[in-house]
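Examining the three-dimensional arrangement
Chain by chain, the residues:
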Amino acid sequence: MPMDYLVTGGAGYIGGHLVDYLVSKNHNVTVIDNLSSGHYKNKKSSFIKLDLSRKFSGKLDLDHPTVVHLAANPDVKASMSDIHGHYSSNVTGTLNALELARRIDASSIIFSSTSAVYGNASQIPTPESCEPNPISNYGLFKVLDEIMLRYYSENYGIKSVALRFANVTGGRCSHGILYNFVTRFRGGKPIEIWGDGKQRKSYIYISDLIDAMMVANKKSRRKFEVFNIGNNDSCNVMDISSIFKRCAGPKVKSIQMDPQPGDVRNMQLDIKKICSMGWTPKYPSKKAVEKACRDLLAIYK
Ligand SMILES: NC(=O)c1ccc[n+]([C@@H]2O[C@H](COP(=O)([O-])OP(=O)(O)OC[C@H]3O[C@@H](n4cnc5c(N)ncnc54)[C@H](O)[C@@H]3O)[C@@H](O)[C@H]2O)c1
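Just so it is clear, the structure is predicted and the values come from calculations on it, not from any experiment. (Residues numbered from 1 in each chain as written. Predicted model: local features only at pLDDT ≥ 70, side-chain atom pairs only at ≥ 80, totals over all residues.)

1. Remarks on the site of the ligand
Every one of the 29 residues lining the ligand counts as a neighbour, but Gly9, Gly12, Tyr13, Gly38 and Ala72 are closest to it. Among the secondary structure elements, those contributing two or more residues to the shell around the ligand are helix 1 (13–24), helix 3 (83–103), strand 5 (108–114) and strand 7 (167–169). Here the element with the most residues in the shell around the ligand is helix 1; it accounts for 3 residues. Taken together, the residues of the shell around the ligand sort by class into 11 nonpolar, 16 polar and 2 charged. (Near = placed C-beta within 6 Å. Helix = DSSP H or I, 4+ residues; strand = E, 2+ residues; numbered from the N terminus. Nonpolar A, V, L, I, M, F, W, Y, C, P; charged D, E, K, R; others polar.)

So this is what it looks like as structure tokens:
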């Protein structure tokens with residue numbers, strides 16, 4: 001049955017894929033985005049240009065929509081150099097999205113949290129029960145967002161899920177390791193390996209992520225619930241560099257750089273909880289990375 005969806009950050013990487021998916025299922029989709037990094041593409045959705053770090057008191061004619069809150073600055077490095085700007089987009093922005101959800105009587109909220117809330121976790125694979133201990137401002141602010149989300153669910157009765165994403169990969173991404181590799185390579189520059197290249201992380205392909213978001217929202221029976229969304233395996237930066245060289249050809253050169261502050265060393269989420277809801281990833285980490293390399297090399301020619 002067609003439903004109303006409000007997607008904040010719907011012009012971004014994950015948002016763009018999600019909007020395409022929802023429109024293909026005949027849902028009525030409204031996008032809110034300030035276009036700070038995104039590009040509004042799917043004209044079968046409605047678009048409102050809005051900066052969520054400012055209060056919005058306008059009206060929206062939506063019927064108990066599901067609000068998918070994706071709008072944020074996802075750049076960990078930027079969060080370390082501009083804490084106040086990052087707070088404004090990632091915490092004030094979330095507060096304003098929650099207020100909007102309350103005012104328009106949203107039926108549920110899907111929130112994009114992150115594996116970065118765990119920092120360098122003491123338990124690998126990391127279950128949802130592991131205490132958040134972020135090592136970046138980005139991770140810290142997502143913890144604050146989750147607490148605000150829970151407050152809104154418990155006090156205003158809006159059902160919600162906080163989804164802690166592993167690294168998401170696939171065509172159209174505009175940040176992250178593969179984007180950096182492709183844009184440097186296409187610009188004739190060597191790809192950068194931060195630190196010793198042994199940082200190991202779990203990757204999920206974009207179509208798997210979108211399936212998991214839908215499953216979590218549909219199957220969760222609690223007022224507020226946290227789910228890890230990721231893969232059963234991981235790969236390190238050197239693995240990714242080899243996959244990239246295999247996809248892009250022998251001209252790829254690499255250089256070693258200093259480690260980046262806030263960069264987690266080892267990330268592998270325990271995904272048993274979301275899998276128990278009937279979801280399972282189709283592409284393991286290395287396959288997800290390889291598919292994304294090919295997607296991106298085709299886009300950035
Ligand atoms: N991509 C990943 O690997 C990953 C991993 C974990 C969590 N996440 C989270 O998923 C969400 C989407 O990430 P993405 O990779 O699509 O990022 P993205 O940068 O491609 O998309 C974010 C969108 O939000 C918009 N935006 C930013 N600040 C805004 C504001 N104040 N008001 C309105 N719009 C604003 C941007 O213009 C952009 O279109 C983010 O919340 C991010 O923290 C992403």
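On we go.
2. Considerations on the packing of helix 3 against helix 4 (residues 137–156)
Direction vectors running N to C along helix 3 and helix 4 enclose 15°, while the axes themselves pass 10 Å from each other. Relative to helix 4, helix 3 is oriented roughly parallel. Between helix 3 and helix 4 lies a crossing whose hand is right-handed. Residues Ile83, His86, Tyr87, Asn90, Val91, Thr94, Leu95, Leu98 and Arg102 of helix 3 form the contact with helix 4, whose own contacting residues are Asn137, Tyr138, Phe141, Leu144, Asp145, Met148, Leu149, Tyr152 and Tyr156. Looking at the contact of helix 3 with helix 4 residue by residue, the classes come out as 12 nonpolar, 4 polar and 2 charged. (Axes fitted to C-alpha atoms, helices over the stretch in contact; angles between N-to-C directions. Parallel < 35°, antiparallel > 145°, perpendicular 65-115°, else oblique. Left-handed = near helix turned anticlockwise from the far one by under 90°. Contact = placed C-beta atoms within 7 Å.)

3. Notes on the nonpolar core
Among the nonpolar cores identified, the biggest contains 77 residues, and Val7, Leu163, Leu178, Leu209, Ile229 and Val289 are the most heavily contacted of them. Residues lining this core come from more than one domain, with at least three contributed by each of domain 1 (4–169 + 204–229) and domain 2 (177–201 + 233–267 + 283–299). Leave out the neighbours within four places in its chain, and Leu209 touches Ile14, Phe165, Val168, Ile204 and Ile229. (Core = buried A, V, L, I, M, F, W, Y, C linked by C-beta atoms within 7 Å. Buried ≥ 20, exposed ≤ 12 C-beta atoms within 10 Å, placed from the backbone. Domains from an automatic or database assignment.)

4. Focus on the sheet that holds strand 5
Spatially, the 7 strands line up as an open sheet ordered 3-2-1-4-5-6-11, and their pairing is parallel. In the strand order of this sheet, the two ends are held by strand 3 (46–49) and strand 11 (224–229), each with one partner. Across the sheet, the mean angle separating the axes of adjacent strands is 20° when strand polarity is ignored. Judged from the 4 bridges that link them, strand 4 (residues 66–69) and strand 5 form a sheet pairing that is parallel. If you follow Val68 over to strand 5, its bridge partner there is Ile110. (Pairing = 2+ DSSP bridges.)

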